[in-house]
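Here is what each chain is made of, one letter per residue.
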Amino acid sequence: MEPRIGVFVCHCGINIASTVDVKRVVEAIKGYPGVVHAEDYVYMCSDPGQELIRSRIKEKKLNGVVVAACSPTLHEATFRNTVSQVGLNPYRCEIANIREHCSWIHTDRDKATEKAIKIVKSIVEKVKLNDELLPISIPITKRALVIGGGIAGIQAALDIANAGYEVILVEKNPSIGGHMAQLSETFPTLDCAQCILTPKMVEVGQHPNIKLYNYAEVEDLSGYVGNFKVKIRLKASYVDWSKCVGCGVCMEKCPTKVPSEFEMGLTTRKAIYVPFPQAVPNKPVIDRENCLYFKTGKCRICEKVCTFGAIKFDEQDEFVEEEVGAIIVATGYELYPIEKIGEYGGGKYKDVINGLQFERLLSASGPTGGGVQRPSDRKVPKRVAFVSCVGSRDPELHKPYCSKVCCMYLTKHAMLYKHRVPDGEPIVFYIDIRSDGKGYEEFVQRAQEEEHVTYIRGKVSKIYEDNGELVLLAVDTLTGEPLEVRVDMVVLGMAIVPSPAVYELAKKLKIQIDANGFLTEAHPKLRPVETLTPGIFLAGCAHAPKDIPDTVAQASAAASKVLEMFSQKELQHDPMVATVDEDRCSGCGVCVTLCPYGAREIEVKDGKRVAKVNEAKCEGCGSCIAGCPAGACQQRNLKDEQLVNMVKAVLE
Amino acid sequence: MEGFEPKIVAFCCKWCSYAAADLAGTSRLKIKPNFVVIRTMCSSRVDPEFILQAFLNGADGVLVAGCHPGDCHYVNGNYKTLRRVMLLKKVLEQLGIDPRRLRLEWIAASESRKFVVTIRKFVDELKQLGPLRLEAGDDNGSNG
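On a predicted model such as this, the values are computed, not experimentally measured, just so you know.

### Remarks on the overall build of chain B
Scanning chain B from N- to C-terminus turns up four helices and four strands. Helices and strands appear in chain B in the N-to-C order β-α-β-α-β-α-β-α. Taking 144 residues into account, the globule formula puts the C-alpha radius of gyration at 15 Å, and chain B, at 15 Å, falls close to it. Seen through its C-alpha atoms, chain B measures out along the principal axes to roughly 45 × 30 × 20 Å. Per-residue burial for chain B yields a buried fraction of 56% across its 144 residues. Counted over contacts in chain B with a minimum sequence separation of 6, partners at least 24 positions apart contribute 78%.

Listed below in structure tokens is the structure:
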């Protein structure tokens with residue numbers, strides 16, 4: 001195509017024209033090879049300015065346009081739309097940035113004008129070799145995968161399902177509900193956690209648009225935005241759930257007792273078990289690790305007592321494949337192991353417990369029916385210490401970040417303890433009190449002023465046992481006094497850490513995790529629920545420690561991002577992707593190793609190895625192109641030749 | 001070297017340093033017009049060949065600017081850039097081009113001031129180095 005390029009130089013009022021001699025730019029570019037027309041106008045982006053461009057394209061039969069104006073960030077889309085209105089391919093229009101990168105940062109009019117001419121020439125060189133492109137259309141599978149069935153996953157799944165799209169919800173445990181199901185009451189309203197959560201769990205279980213895979217894990221993921229293929233491992237439960245009616249006789253008769261995960265080890269469960277009475281689905285699984293039959297080859301009592309023939313000892317893990325268009329990762333958190341805090345006797349003293357254990361002691365459905373008893377001797381503790389920032393805000397030894405919820409839940413714990421044990425004495429040790437949510441500060445004030453909770457500013461240095469009591473050594477940093485406080489029980493506000501499985505999962509999904517193991521968002525301010533991999537979103541504590549309101553808000557935000565995708569007929573993708581000259585390609589595969597998106601593959605074609613580009617996956621970074629030793633890879637409209645010509649033009 | 005004004009080609013990543021240069025304009029910061037920006041999608045699009053071409057065609061210095069480590073818009077392109085630039089600096093040395101003429105900087109979209117300071121310092125350093133003379137070798141006679 002013989003280039004017939006028109007150059008349109010904008011004054012931007014005086015923004016450009018006061019520093020750059022626009023007339024001189026027009027004159028200088030008129031004779032430049034490939035340029036058949038050049039003119040200036042006071043406001044090129046105005047209606048008359050755009051009309052000027054459209055009419056010149058027709059009159060002069062222009063096949064390329066350069067608008068010398070402000071940054072392409074502002075009006076590239078505007079002018080590409082302008083030229084396409086008269087039939088010119090939008091990718092044959094480019095912007096020469098002579099405002100932000102020239103007139104606004106320079107003062108010497110002569111030199112600024114010379115520089116503006118160079119910028120325009122370089123963009124003319126680019127347009128000369130620009131191809132006519134069309135956006136790449138990608139079909140979308142309008143089904144979503146939600147990984148994790150805690151409150152974040154539940155909320156996201158319900159939002160998408162209620163909008164009319166199918167959702168696949170994968171939960172690794174036998175029941176959905178996550179940690180929220182373990183909580184007693186929630187701050188700052190003291191709503192019963194189960195009362196607000198279980199209806200949502202039931203809704204998920206019964207929703208016609210939600211396919212729930214509980215006791216399952218994501219094994220593998222392939223594909224790309226709009227077109228993911230996910231392989232899910234359904235872990236063998238050894239119970240045929242289609243036959244099981246949930247009568248519970250098997251659990252009653254099972255002779256093996258193991259510590260209950262749901263009750264945080266405060267009580268036991270059987271080897272065949274439902275994690276908690278309100279579980280969804282309410283069907284048991286056999287814990288292979290602890291089942292007597294799997295350990296010794298004898299027992300099978302559950303099988304004998306099951307009148308429905310639901311026990312299947314020969315069951316194997318199964319795999320299913322599902323196609324989805326978008327994924328929400330909501331894999332949640334764990335508490336930092338208490339054993340790592342040796343100076344507090346974590347794991348050594350029975351009455352030094354973590355926050356979730358105390359939740360179970362407070363819960364009406366917990367092992368004590370909501371009456372606070374200390375684990376060692378079931379005595380009602382008369383003094384309880386609540387210690388915040390255990391493992392958090394400790395960059396030297398543990399985690400550098402703030403776990404966000406501990407200040408609030410320890411306040412709640414102290415308050416609820418006081419409600420259960422009115423003559424009890426709760427003491428909270430803190431560094432700062434962070435109460436920045438709606439109604440949170442008032443809640444802390446209430447604990448201090450109305451509920452008579454003692455707050456001591458100071459970090460506990462050591463906890464030891466003495467004569468059936470626990471002794472805390474600390475310094476009150478407001479008075480400077482060293483303290484020795486004797487209590488019956490200690491609750492540690494442990495750091496929140498990401499669910500350990502998230503590391504492997506992130507590798508499978510090709511999403512990023514940060515230095516602390518949390519999932520990384522695409523932009524900390526403006527893209528908080530997206531990952532850098534298109535089509536994969538995140539919600540809840542997998543992203544960072546957060547409370548229930550923030551988790552629910554983020555889950556709904558992630559769901560709305562998925563729905564935004566699903567509201568389109570097909571996805572549009574920038575066509576400036578990598579290309580391969582198959583004759584030049586030696587099939588070395590360097591591009592495959594360089595691509596962060598898995599968009600490059602080697603294919604054998606007529607017995608020859610050649611590199612391929614998956615256009616839907618390619619994000620157009622150009623890494624592979626610069627790395628290709630054979631010069632076989634190019635980027636559409638940013639070819640090597642274009643860039644070299646641009647370099648030459650600016651150095652003329 | 002009196003009156004010598006070095007010519008700089010600045011390859012800027014669309015997502016960070018290009019935007020930082022835009023912000024320098026929006027903030028009306030002032031720099032000398034010794035440089036021209038060429039926009040790429042990512043610093044890792046910058047083929048070492050472009051840098052050599054710039055030197056061959058009269059550039060006294062080349063700046064490659066990308067996102068800070070860990071912040072790459074394309075996951076890890078900036079690490080590839082880092083490797084390539086480090087290698088190329090060794091090659092430049094062998095070609096008789098002072099490797100200080102090639103600069104790699106991490107400039108976030110918000111760091112307009114860093115962009116300006118980077119250019120200023122680079123201009124100053126290149127003034128010290130003098131014009132690039134490929135035929136004569138790049139020592140400007142200082143070693144005889």
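Once you've had a look at it, read on.
### Here's the deal with the overall build of chain A
Along the backbone of chain A there are 18 helices and 34 strands. Rg of the C-alpha trace for chain A: 32 Å, well past the compact-globule value of 26 Å for 652 residues, more than 25% over. Referenced to the eigenvectors of the C-alpha coordinate spread, the extents of chain A come out at roughly 95 × 65 × 40 Å. Here chain A, with 652 residues, has 56% of them falling under the buried criterion. For chain A, long-range pairs separated by at least 24 residues make up 69% of all intrachain contacts whose partners lie at least 6 apart in sequence. Per element, the accessible surface of chain A, about 27,000 Å² overall, is 50% carbon and sulfur. Here chain A holds 80 positive side-chain charges and 84 negative ones, and the gap between their average locations is 3 Å.

### Digging into the domain arrangement of chain A
Residues and elements named next belong to chain A. Per the domain assignment, the segments making up chain A are domain 1 (5–128), domain 2 (143–235 + 317–332 + 499–566), domain 3 (249–305), domain 4 (334–497) and domain 5 (574–636). Taken over C-alpha atoms, the centre of domain 2 sits 33 Å from the centre of domain 5. Across the contact, four residues belong to domain 2 and five residues belong to domain 5. Together domain 2 and domain 5 conceal approximately 410 Å² of surface at their shared face, both sides included; 68% is due to carbon and sulfur atoms. By the criterion of area lost to domain 5, the three top residues of domain 2 are Tyr224, Lys510 and Pro534, representing 73% of everything that side buries. Seen at the junction of domain 2 and domain 5, the total is zero salt bridges. Connecting domain 2 to domain 5 are zero residue pairs in polar contact (both at pLDDT 80 or more). Taken together, the residues of the side of domain 2 that touches domain 5 break down into three nonpolar, one polar and no charged.

### So, the packing of aromatic side chains
Enumeration over the complete set of coordinates arrives at 14 aromatic pairs over all chains. Consider the rings of tyrosine 293 of chain A and phenylalanine 313 of chain A, whose centres lie 4.4 Å apart with planes at 55°: the pair is tilted. Placement of the pair is tyrosine 293 of chain A in helix H9 (residues 292–296) and phenylalanine 313 of chain A in the loop between helix H10 (301–305) and strand S17 (318–324), with a sequence separation of 20 residues. Each member of the pair tyrosine 293 of chain A and phenylalanine 313 of chain A is classed as buried. An aromatic cluster of at least three residues, connected via ring pairs, comprises Tyr238, Tyr293, Phe294 and Phe313 of chain A. One cation-aromatic arrangement involves arginine 28 of chain B over tryptophan 104 of chain A; the distance from NZ or CZ to the ring centre is 3.7 Å. A cation over a ring is seen here: arginine 39 of chain B above tyrosine 18 of chain B, with NZ or CZ 5.4 Å from the ring centre.

### Remarks on helix H6 (residues 151–162) of chain A
Residue and element names in this part refer to chain A. With twelve residues, H6 should reach 16 Å at 1.5 Å per residue; the first-to-last C-alpha distance of 16 Å fits that figure. Burial analysis of H6 places ten of its twelve residues in the buried class, which makes it a mostly covered element. Against the buried residues of H6 lie strand S6 (143–147), strand S7 (166–170), helix H7 (193–206), strand S10 (210–213), strand S18 (326–329) and helix H15 (548–566). Remark: glycine 164 follows H6 within two positions and exhibits a positive phi of approximately 105°.

### Some points on the interface of chain B and chain A
Chain B puts 44 residues into the contact, and the matching count from chain A is 42 residues. When chain B packs against chain A, the two sides together hide about 3,700 Å² of surface, and 62% of this comes from carbon and sulfur. On the chain B side of the contact with chain A, Pro33, Val36 and Arg45 of chain B bury the most area, a combined 17% of that side's loss. Between chain B and chain A we count two salt bridges in total. Aspartate 640 of chain A is the partner of arginine 45 of chain B in a salt bridge, and the nearest nitrogen-oxygen pair spans 2.8 Å. Those elements that place two or more of their residues in the side of chain B that touches chain A are strand S1 (8–13), helix H1 (17–26), strand S2 (35–40), helix H2 (48–56) and helix H3 (77–94) of chain B. Its residues assigned to classes, the side of chain B that touches chain A shows 22 nonpolar, ten polar and twelve charged.

Conventions we followed
- Residues numbered from 1 in each chain as written.
- Chains lettered and ligands numbered in written order.
- Predicted model: local features only at pLDDT ≥ 70, side-chain atom pairs only at ≥ 80, totals over all residues.
- Heavy atoms only, no water.
- Helix = DSSP H or I, 4+ residues; strand = E, 2+ residues; numbered from the N terminus.
- Rg over C-alpha atoms; globule rule 2.2 N^0.38 Å.
- Buried < 20%, exposed > 50% of the residue type's maximum accessible area, 1.4 Å probe, protein only.
- Contact = heavy atoms within 4.5 Å.
- Areas by Shrake-Rupley, 256 points an atom, 1.4 Å probe, with all protein chains shown as cover.
- Lys, Arg positive; Asp, Glu negative; His and termini not counted.
- Charge placed at Lys NZ, Arg CZ, Asp CG, Glu CD.
- Domains from an automatic or database assignment.
- Buried area = accessible area lost by both parts, 1.4 Å probe.
- Salt bridge = Lys/Arg side-chain N within 4 Å of Asp/Glu carboxyl O.
- Polar contact = N/O pair within 3.5 Å; in protein donor to acceptor, adjacent residues only side chain to side chain.
- Nonpolar A, V, L, I, M, F, W, Y, C, P; charged D, E, K, R; others polar.
- Phe/Tyr/Trp six-rings, centres within 6.5 Å; stacked < 30°, edge-to-face > 60°.
- Lys NZ or Arg CZ within 6 Å of the ring centre and 35° of its normal.
- Expected span 1.5 Å × (residues − 1).

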